[in-house]
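As a plain string of letters, each chain reads:
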Amino acid sequence: MSTKLDVYESEDENTQKQTDDLCTLFTEKFLQDPERITLLLTLLEEFDFHVRWPAVKLLTALLKSQGAQVQGIILVSPMGVSRLMDLLADSREVIRNDGLLLLQQLTRGNAAIQKIVAFENAFERLLDIITEEGSSDGGIVVEDCLLLLLNLLKNNSSNQNFFKEGSYIQRMKPWFEVGDDNSGWSAQKVTNLHLMLQLVRVMVSPVNSPGATASCQKCMFQCGLLQQLCTILMATGVPADILTETINTVSEVIRGSQINQDYFASVNAPSSPPRPAIVVLLMSMENERQPFVLRCAVLYCFQCFLYKNQKGQGEIVATLLPSTIDANSISAGQLLCGGLFSADSLSNWCAAVALAHALQDNLTQKEQLLRVQLTTSLGKPPVSLLQQCTNILSQGSKVQTRVGLLIDKTNLTLMLLCTWISNCPIAVTHFLHNQDNVPFLTAQISENLGEDERLVQGLCALLLGICIYHNDNSLENYTKEKLKQLIEKRIGKENFVEKLGFITKHELYSRAALKPQPVFPSPEQMLFDHEFTKLVKELEGVITKAVHKSSEEDKKEEEVKKTLEQHDNIVTRYKELIREQDAQIQELKEQVAALSSQHEQMQATVAQQLSQIQQHKDQYNILKLKLGKESPSQGDGSQQNGLQTEELSQLREELDELRKQHAVLQTQLAERDALITTLQSSSQTTESPAGGSDNTELLQELEALRSQVQSQSSEISHLKTERQELLTRAEAEPSDTAPPSASAELESRLAAQTSETEKMKRSVAELEQQLAAATSTAAILQTEKEKLQSEVQESKKEQDDLLMLLADQDQKIHSLKKRLKDLGETVENEDDLDTKDQTSDDDDEEEDEDD
């Protein structure tokens, strides 16, 4: 039975081969004349279904058979691509759908045709068709449109930029709107969504230029596309292959974008209690029951989250430190440590690679990881993570998984240690401090093992080379020179370099070096990580040079390094100085710009003011012309003839008004004269001698009273002295001999003088009060006098001003009368006016004399 089936299959293959050969033969015959393709393109313009549809089918078959040749003919044909693009606008779905298939074949592998199709508004038309057909819920037509979009965008930076600049990324967001109930997805929906996710990945692929990728990542975050993808990531009921592709898509959307990475770190799974999405994904990665491709996708997502994200690396390493461990919750660091030392070898590999990415190009976290302590068993003190890794090296164990994968834990530990201690002298010192590590490495490298063990020797050589290259010579037993001597004695320099080259010669090394995503056909192919291959490529040459260098060359290199460091410090200082100067220059530029703008504003203001001044001058000249202030020597006759009746009436009105003003000023002048006269009379009254004589008499009387008081006081004092003498005699002589009449007489005289003195004092006080009252009255009169004098002066000044105004008015009246006479008008007699003026002048002179 099997023999008959084999026969039938071979017959079918032969028949298919013959058919293909026949198609190729017919196509070559047809394409011998390129005008036939041109004729087919012309037939596409016919609207008749029986002409247009067969032409489409024939062109599609020709492209499938001899695509490159047909593409070349269509490319040089005038309007060839435009005619094919018109098929998408055909109202008949059969022709439109077959046109999609034709364009798929046409755009395959030809960048020039892809650009032409894109600029023929292909993106707009295809997205409209996808929307009309129901987006992800649509049928095969949506799939054909997505395949055509992938042809146009994949590996075509020009079309990718056009797609982004045309705001077509924003139109992709509705494709990924899924409901709560995700059960029962059709196969077509799974296919459509898978292609849509691939389309997103094409725009942010790591192989694109960094600038274009970063721009698309920013656009996807701003339009909410990343948020929508994270919703699918955390949704339930999503098919496994869609979930895997969504994880890969989110990975590349956040890779290297700090904003997107921060947002992804804030996403929580809809669980109770809520857990970070990163923790949920790591739990899936460490779960043995999850599909292999899903676990690889989670690892890729974790790598992209930590790519150029020192903040994220610090957060992951912090969950491993003793001070931040929370016993009540599961952290990313606990999951990584659990996977690193679990019984599942696939978990070992994924955890080791993930932990290595948390240390990639981050010296601070490499040093922080040295503080991590692990509890190996109950009752034993904790050991450091570095010590536990070196214990695994000494054991050299291999673990056989249930899927038949043989992974050497030694290889994983060696790769992790190489990433850890690279470019970290402190970690190198900690590693060399364990006395068993260097003997283990030299023993592994010096042995002659089979081909299966060569990779271990290469990794040991790499680790020992890192210990030499990044050694700070802090340990006397393991300085650079002593390690090189050890290699030369135990291994040999040439043998060491040969063993180091075993890594790059491994067949899986070149496959892992192609792209960052860990894509393996099977678990047996999992060995190298992409970032580790970059590290090996970077270190292989420098380690080889470091091993072959002599001690003198090392010293020179150290001196050169110190010199370079000094130069770097100098350059850094100068850079800082230049930055400061740039900032100062920028400030000065801003000040100059502000001053320039102010200068321009001032110039504009000055120009405006000049224009206003010119306008005022023009108006002044016009008024001057109207009032006849220009020189009378030129154009008098023409001006007189040009004056109108309205001007004459206006002049008369001005003359009348001036006369009224003159009369008012005359009355004001008379009032002022009367006021001055009144003030002068009051001033003379206040200066009359009556007040002065009263004051003089008071003063004379006051002086007389004072002299009388003084004489009385002297007499009283004389009487007091006599009385005192008598009293003393009376005390000295007997009382009967003293004459009583003398004593009484003295007492009476003393009392009389005292009473008279008191009267004199009272009269003096009264006179002093009268004198004070008279003095205050005189002061008040003096202030009033000064006030009146100031008012007189002001009145005189105002009178002078009025006289000036009258003079001006007279002059104007004379000039106006003269002009009226010149115009032939009758005015009052000038003699009368002169008489009036003379009279007013005489009055003014008399008033001045009175003043």
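Here the structure is a predicted model, which is why all the values come from computation and not from measurement.

A few points about the packing of aromatic side chains
Right, so step 1: The tally for this structure, following the rule as stated, stands at eleven aromatic pairs.
Right, so step 2: On the basis of an interplanar angle of 65° and a centroid distance of 5.9 Å, the ring pair of Phe221 and Tyr263 is categorised as edge-to-face. Here Tyr263 lies in helix α15 (residues 258-266) and Phe221 lies in helix α12 (residues 210-222), a separation of 42 residues in the sequence.
Right, so step 3: On the basis of relative accessible area, Phe221 is assigned to the partly exposed category, the value being 24%.
Right, so step 4: Classification of Tyr263 by relative accessible area gives partly exposed; the value is 22%.
Right, so step 5: Three or more aromatic residues link up through ring pairs in this structure, and these residues are Phe119, Phe123, Phe162, Phe163 and Tyr168.
Right, so step 6: The positively charged end of Lys189 is found above the aromatic ring belonging to Trp185, 4.6 Å away from the centroid.

Quick word on empty space enclosed by the protein
In this approach the atoms are scanned with a rolling probe the size of a water molecule, which exposes any empty space left behind.
Right, so step 1: Counted by the stated rule, this structure contains three cavities of 30 Å³ or more.
Right, so step 2: There is about 110 Å³ of room inside the largest cavity.
Right, so step 3: Around the largest cavity sit 13 residues that line it, and Val353, Ala356, Met415, Asp529 and Phe532 are the ones nearest its centre.
Right, so step 4: Of all the secondary-structure elements, those providing two or more residues to the lining of the largest cavity are α20 (345-359), α23 (409-421) and α30 (530-548).
Right, so step 5: Considering the residues around the second largest cavity, the lining is formed by Leu340, Phe341, Asn348, Ala352, Cys389, Ile392, Lys409, Leu412, Thr413 and Leu416.

Thoughts on the side chain of Asn348
Right, so step 1: Secondary-structure assignment places Asn348 in helix α20.
Right, so step 2: According to the relative accessible area criterion, Asn348 is buried, its value standing at 2%.
Right, so step 3: Among the polar contacts listed, one links the side chain of Asn348 to the backbone oxygen of Gly339, at a separation of 2.7 Å.
Right, so step 4: If we ignore the near neighbours within four places in the chain, the residues touching Asn348 are Gly339, Leu340, Phe341, Ser342, Lys409 and Leu412.

Focus on the pattern of salt bridges
Right, so step 1: Counted under the stated rule, the structure contains 13 salt bridges.
Right, so step 2: A salt bridge links Asp90 to Arg92; the shortest N-O distance between them is 3.0 Å.
Right, so step 3: Taking relative accessible area as the criterion, Asp90 reaches 7% and is therefore assigned buried.
Right, so step 4: A salt bridge links Arg96 to Glu133; its shortest N-O distance comes to 3.2 Å. On the criterion of sequence distance, the pair formed by Arg96 in helix α6 (residues 93-106) and Glu133 in the loop between α8 (122-132) and α9 (140-153) is long-range, its members being 37 residues apart.
Right, so step 5: The structure contains a network of salt bridges with shared partners spanning Arg52, Asp90 and Arg92.

Regarding the state of the cysteines
Two cysteines whose sulfur atoms are joined by a covalent bond form what is called a disulfide.
Right, so step 1: All chains considered together, the criterion is met by zero disulfides.
Right, so step 2: With no disulfide of its own, Cys350 lies closest to Cys296 among cysteine sulfurs, the gap being 6.0 Å.
Right, so step 3: For Cys350, a relative accessible area of 1% puts it in the buried group.
Right, so step 4: The structure places no disulfide on Cys389, whose sulfur is separated from the nearest cysteine sulfur, that of Cys337, by 8.8 Å.
Right, so step 5: Since its relative accessible area comes to 2%, Cys389 is described here as buried.

Observations concerning the environment of Val317
Right, so step 1: For Val317, the position within the fold is in helix α18 (residues 310-318).
Right, so step 2: Residue classification places Val317 among the buried positions, given a relative accessible area of 1%.
Right, so step 3: C-alpha separation for the pair Val317 and Lys366, spaced 49 residues apart in sequence, amounts to 9.0 Å.
Right, so step 4: Those residues in contact with Val317, other than ones at most four positions away along the chain, are Ala358, Leu359, Gln365, Gln368 and Leu369.

Digging into the packing of helix α26 (residues 454-469) against helix α28 (residues 493-500)
Right, so step 1: Running from N to C, α26 and α28 cross one another at 115°; their axes reach a closest spacing of 7 Å. In this structure, α26 meets α28 at a crossing whose hand is left-handed. Packed against α26, whose contacting residues are Gln457, Gly458, Ala461, Leu462, Leu464 and Gly465, the element α28 presents Phe496, Lys499 and Leu500 at the interface.
Right, so step 2: Class assignment of the residues belonging to the contact of α26 with α28 gives a composition of five nonpolar, three polar and one charged.

So, how was this worked out
Residues numbered from 1 in each chain as written. Predicted model: local features only at pLDDT ≥ 70, side-chain atom pairs only at ≥ 80, totals over all residues. Heavy atoms only, no water. Phe/Tyr/Trp six-rings, centres within 6.5 Å; stacked < 30°, edge-to-face > 60°. Helix = DSSP H or I, 4+ residues; strand = E, 2+ residues; numbered from the N terminus. Buried < 20%, exposed > 50% of the residue type's maximum accessible area, 1.4 Å probe, protein only. Lys NZ or Arg CZ within 6 Å of the ring centre and 35° of its normal. 1 Å grid on protein atoms, 1.4 Å probe; cavity = no way out; pocket = protein on both sides within 12 Å on 5 of 7 lines; lining within 4 Å. Points joined across faces, edges and corners; volume = space filled by probe spheres on them. Polar contact = N/O pair within 3.5 Å; in protein donor to acceptor, adjacent residues only side chain to side chain. Contact = heavy atoms within 4.5 Å. Salt bridge = Lys/Arg side-chain N within 4 Å of Asp/Glu carboxyl O. Disulfide = S-S within 2.5 Å. Axes fitted to C-alpha atoms, helices over the stretch in contact; angles between N-to-C directions. Left-handed = near helix turned anticlockwise from the far one by under 90°. Nonpolar A, V, L, I, M, F, W, Y, C, P; charged D, E, K, R; others polar.

From the geometry alone we can't say anything about function, so treat these as descriptive.
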